[in-house]
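# Reading the structure
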Amino acid sequence: MDWDLSQLRAFAATVDHGSLEAAAGVLHVTPSAVSQRLKALERSVGIVLLQRSRPVRPTHAGEEVLRLARQLDALTRDSEQSLGTGAARPTV
């Protein structure tokens, strides 16, 4: 399975911040964009990952995908730091 980092980041941000609106603010996108990413992620996995309550909560399967999202995010940050390609690198 090919994992889309923007979808995983939207999923993790939604769980971390409790709502699509709050996740959108953190990600600097619209709530609609977050919703579309979540729906696409659920479609690709083939199972509901998020209980759309207040606050939102991951389903059992969502917990597994959330763990993956956090691991991939950590690996991405580590690689960016090692390569000097992260946000802290000045652009010329």
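Residues numbered from 1 in each chain as written. Predicted model: local features only at pLDDT ≥ 70, side-chain atom pairs only at ≥ 80, totals over all residues. Heavy atoms only, no water.

Cis geometry is found at the peptide bond from Arg54 to Pro55, where omega equals -10 degrees. Its place among the elements puts Pro55 in the loop between strand S1 (50–51) and strand S2 (57–58). A positive phi angle, close to 60 degrees, is found at His28, a residue other than glycine. Among the secondary structure elements, His28 is positioned in the loop between helix H2 (20–27) and helix H3 (31–45). (Helix = DSSP H or I, 4+ residues; strand = E, 2+ residues; numbered from the N terminus.)

Okay, the side chain of Gln7 next. Within the secondary structure layout, Gln7 lies in helix H1 (residues 5–17). The contact partners of Gln7, leaving out residues within four places of it in the chain, are Arg37, Ala40, Leu41 and Ser44. (Contact = heavy atoms within 4.5 Å.)

Quick look at the packing of H1 against H2 now. Taken N-terminus to C-terminus, the directions of H1 and H2 make an angle of 120 degrees; their axes are 8 Å apart at the nearest point. Overall, the two elements H1 and H2 adopt an arrangement that is oblique. Here the hand of the crossing between H1 and H2 comes out right-handed. In contact with Arg9, Ala10, Ala13, Thr14 and His17 of H1, H2 contributes Leu20, Ala22, Ala23, Val26 and Leu27. Residue composition of the contact of H1 with H2, by class: 7 nonpolar, 2 polar and 1 charged. (Axes fitted to C-alpha atoms, helices over the stretch in contact; angles between N-to-C directions. Parallel < 35°, antiparallel > 145°, perpendicular 65-115°, else oblique. Left-handed = near helix turned anticlockwise from the far one by under 90°. Nonpolar A, V, L, I, M, F, W, Y, C, P; charged D, E, K, R; others polar.)

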